[in-house]
Amino acid sequence: MSRIGKEPVKLADGVTATVAGQLVTVKGKLGELSYTMQDGITAKVEDGQVRVSCADDKTLGNFHGLARALIHNMVVGVSAGYQKQLSIEGTGFKAVLKGTELALSLGFASPKIFTVPAGLTVTVENDGLQVTVKGIDKAAVGEAAARIRAFYPAEPYKGKGIKYVGEHIRRKQG
């Protein structure tokens, strides 16, 4: 049995969860998310909490904790949402939002274009030097931020490139 899986997921105010077989659906003020659990994992909604349980099989222990963590992420996502902030450093480096496309000028011959996935909101602040990715799905927000960062990760010599706000880049002597 998973220690994480044993903990119940408390539903926030205004959040409802329904379980239909293996499908868990969570609705809140920001939207709706659903997750299909592995066979052998069950969930129940009772007293404003979602309890996840599994059969006593050692192979399902990992999925027990995973299912609970994903349901918790869905509850937080539909009630408060998730966001990742990226900082762009470097001479002439900037980001420009054109509709659903983010154009990144990163010192290459042409700008790198990132198409914003459905369900996510991207904003550009601070004269194009800070990009914020917001959404209700934690995995989608993290994936989009990682793809934007992958265009030009911050390098250790001058520190120029794209990094997460709060990320520390170990600098090397030139």
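Residues numbered from 1 in each chain as written. Predicted model: local features only at pLDDT ≥ 70, side-chain atom pairs only at ≥ 80, totals over all residues. Heavy atoms only, no water.

A.B. asks: So, the pairing of strand S11 (residues 120–125): which residues are in play, and what are the values?
C.D. replies: Consecutive residues of a regular strand have side chains that alternate between opposite faces of the sheet. Across 6 bridges, the pairing between S11 and strand S12 (residues 130–135) is antiparallel. Bridge pairing in S12 links Thr-121 to Lys-134. In this antiparallel pair of consecutive strands, S11 and S12, the connection spans 4 residues, and Asn-126 shows a positive phi of 60°. (Pairing = 2+ DSSP bridges. Helix = DSSP H or I, 4+ residues; strand = E, 2+ residues; numbered from the N terminus.)

A.B. asks: For the pairing of strand S4 (residues 32–36), give the residues involved together with the corresponding values.
C.D. replies: Because side chains alternate across S4, one face comprises the buried residues Leu-33 and Tyr-35, and the other comprises Glu-32, Ser-34 and Thr-36, none of which is buried. Sheet topology places strand S3 (residues 23–27) next to S4; 5 bridges connect them, and they run antiparallel. Bridge pairing links Lys-27 to Glu-32 in S4. Counted between consecutive antiparallel strands, the loop separating S3 from S4 contains 4 residues, among which Gly-31 sits at a positive phi close to 155°. (Buried < 20%, exposed > 50% of the residue type's maximum accessible area, 1.4 Å probe, protein only.)

A.B. asks: Account for helix H3 (residues 138–150), with residues named and values stated.
C.D. replies: Spanning 13 residues, H3 covers 18 Å between terminal C-alpha atoms, matching the ideal 18 Å at 1.5 Å per step. Taken residue by residue, H3 has Val-141, Ala-144, Ala-145, Ile-148 and Arg-149 as its buried positions. Summarising the axial view, the buried residues of H3 lie within an arc of 135°, below the 170-degree limit, and thus occupy one face. Away from the buried face of H3 by more than 90 degrees, exposed residues Ala-139, Arg-147 and Ala-150 are located. For H3, the elements touching its buried residues are strand S7 (82–89), strand S9 (101–105), strand S10 (112–115), S11, S12 and strand S13 (161–164). (Expected span 1.5 Å × (residues − 1). Arc of directions from axis to C-beta. Contact = heavy atoms within 4.5 Å.)

A.B. asks: Run through helix H2 (residues 61–79), naming residues and quoting values.
C.D. replies: Relative to the 27 Å expected for 19 residues at 1.5 Å per residue, H2 spans 28 Å between its end C-alpha atoms, a close match to the ideal helical length. Considered for burial, the residues of H2 that qualify are Gly-61, His-64, Gly-65, Ala-67, Arg-68, Ile-71, Met-74, Val-75, Gly-77, Val-78 and Ser-79. Of the residues flanking the end of H2, it is Gly-81, one or two places downstream, whose phi is positive at about 85°.

A.B. asks: Residue-level account of the environment of Ile-41, with values.
C.D. replies: Locating Ile-41 in the fold gives a position in strand S5 (residues 41–46). With 130 residues separating them along the chain, Ile-41 and Arg-171 place their C-alpha atoms 46 Å apart. Excluding its chain neighbours within four sequence positions, the residues that come into contact with Ile-41 are Gln-22, Val-52, Ser-53, Cys-54, Leu-60, Phe-63, His-64 and Ala-67.

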